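Structure assessment
The primary structure of each chain is shown beneath.
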Amino acid sequence: STPRRRLPAIATILLGTVLGQGLVVAISPLLTRLYTPADFGTLAVVTAVASILGAGATLGTDRALVVAHDTATTSALVALGLLSTLAVGLGTTGVAWVLRDDAARWFTAPALEDLWWTVPVTVVAVGAQRIASAVLARRQQHRSIAVRNACQGIGQSVWNLTMAAAGPVGLVGGLAVGRIAAVLGMARFRRSDGERITPRALSSAARHHRRFLVITPWSSMLNVVGQQAPG
């Protein structure tokens, strides 16, 4: 039988991006009718804060994963990154709750008084997506990367539209929902390495890649600050 021809890697990824982000762009005019300018302002604040913190929450493990020398180290870095992301998420939860009233005033975004929890949820979602994406890039699983891009856009768009009646959460929550959908889409294609993760393995991976863990979180956050600060 004749083997099936596969799309080139760049074409596969581009197709997923067009499907996902194309839908986000297509429904944008409709979203301006469903949500108020204040809702979009709150979305901008949550996007900026969560993207910056999410970039640093992985502790640089998403960068280190690309150069990890074996599967045991890869598994340990994934676990370390997820633990770090959850820890930052918990810390952000406490700070966001304490400062919810002040943040709403500082950013002129009244909805933050009730939607403060979307910040830590989005931080964790962003961090988890960065780690999962790094694993796929290391394995050169281009089809899964395409699925990630498609799932993110579709998940976010479906949430934005179906939850419009619920108010600002329908717009602001879409950011986290889209990234969670992307992680779930990637997990479907993820193969287990079968490596047992121990405290010793975590310590060894952290020690071997300590420069990534010490330096790259700050550079990642600064890069995102440059993107988000104008907004």
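Above this text is the structure in question.
What counts, and where the lines are drawn
Residues numbered from 1 in each chain as written. Predicted model: local features only at pLDDT ≥ 70, side-chain atom pairs only at ≥ 80, totals over all residues. Heavy atoms only, no water. Helix = DSSP H or I, 4+ residues; strand = E, 2+ residues; numbered from the N terminus. Buried < 20%, exposed > 50% of the residue type's maximum accessible area, 1.4 Å probe, protein only. Contact = heavy atoms within 4.5 Å. Expected span 1.5 Å × (residues − 1). Bend = angle between axes of the 7 residues up to and from the residue. Polar contact = N/O pair within 3.5 Å; in protein donor to acceptor, adjacent residues only side chain to side chain. Salt bridge = Lys/Arg side-chain N within 4 Å of Asp/Glu carboxyl O. Patch = residues over 30% accessible without salt bridge, like charges linked within 9 Å, V, L, I, M, F, W, Y side chains within 5 Å. Areas by Shrake-Rupley, 256 points an atom, 1.4 Å probe, with all protein chains shown as cover. Phe/Tyr/Trp six-rings, centres within 6.5 Å; stacked < 30°, edge-to-face > 60°. Lys NZ or Arg CZ within 6 Å of the ring centre and 35° of its normal.

Helices and strands together make up the secondary structure of the protein chain, namely twelve helices and zero strands. Going from the N terminus to the C terminus, the protein chain shows its helices and strands as α-α-α-α-α-α-α-α-α-α-α-α. Across the 231 residues in the protein chain, those meeting the buried criterion constitute 44%. Of all intrachain contacts in the protein chain linking residues separated by at least 6 positions in sequence, the fraction that spans at least 24 positions is 82%.

All right, on to helix H12 (residues 210-228) then. A rise of 1.5 Å per residue sets the reference length of H12, with its 19 residues, at 27 Å; its end C-alpha atoms lie 28 Å apart and thus fit the reference within 8%. Approximately 35° is the largest bend angle found in H12, and it occurs at threonine 216, with the proline proline 217 only one to four residues beyond. Leu213, Thr216, Pro217, Ser220, Met221 and Val224 are the residues of H12 that are buried. Along its buried surface, H12 packs onto helix H2 (37-57), helix H3 (61-64), helix H4 (71-98), helix H7 (118-139) and helix H11 (199-208).

A few words on the side chain of serine 220. Tracing the sequence through the fold places serine 220 in helix H12. You can call serine 220 buried: its relative accessible area is 3%.

Right, let's get into the side chain of threonine 122. Structurally, threonine 122 can be placed in helix H7. A polar side-chain atom of threonine 122 sits 2.5 Å from the main-chain carbonyl oxygen of threonine 118. Once residues lying within four places of it in the same chain are set aside, the contact partners of threonine 122 are Val46, Ala50, Leu175 and Ala176.

Turning next to the pattern of salt bridges. Using the criterion set out here, one finds two salt bridges in the structure. Of the charged contacts, one joins aspartate 62 and arginine 130 as a salt bridge, the two residues approaching to 3.2 Å between their closest N and O atoms. Note that aspartate 62 is positioned in helix H3 and arginine 130 in helix H7, a separation of 68 residues in sequence. Given the relative accessible area of 8%, aspartate 62 is considered buried. Residue arginine 130 is classed as partly exposed on the basis of its relative accessible area of 25%. One salt bridge in this structure joins aspartate 102 and arginine 105, with 3.0 Å as the shortest N-O distance. Taken together, the residues span about one helical turn, with aspartate 102 and arginine 105 both in helix H5 (residues 100-106) at a distance of three residues. Of the residues examined, arginine 105 reaches a relative accessible area of 54% and is grouped as exposed.

In this section: a nonpolar patch on the surface. A cluster of nonpolar side chains, Val95, Trp97, Val98, Leu99, Trp106 and Phe107, forms an exposed patch at the surface whose accessible area comes to about 620 Å². Counting residues per element, the nonpolar patch draws most heavily on H4, at three residues. Relative accessible area serves as the criterion here: at 56%, valine 98 is assigned to the exposed category.

On to the packing of aromatic side chains. Tallying each qualifying case throughout the model produces zero aromatic pairs. Arginine 100 extends its terminal NZ or CZ atom over the ring of tryptophan 97, reaching a point 4.5 Å from the ring centre.

Positive phi outside glycine occurs at leucine 59, with the angle close to 65°. Locating leucine 59 in the fold gives a position in the loop between H2 and H3. A positive phi angle is found at threonine 108, which is not glycine, with a value near 50°. Residue position: threonine 108 is located in the loop between H5 and helix H6 (112-115). The class for threonine 108 is exposed, based on a relative accessible area of 67%.

No statement about biological role is implied by the geometric values presented.
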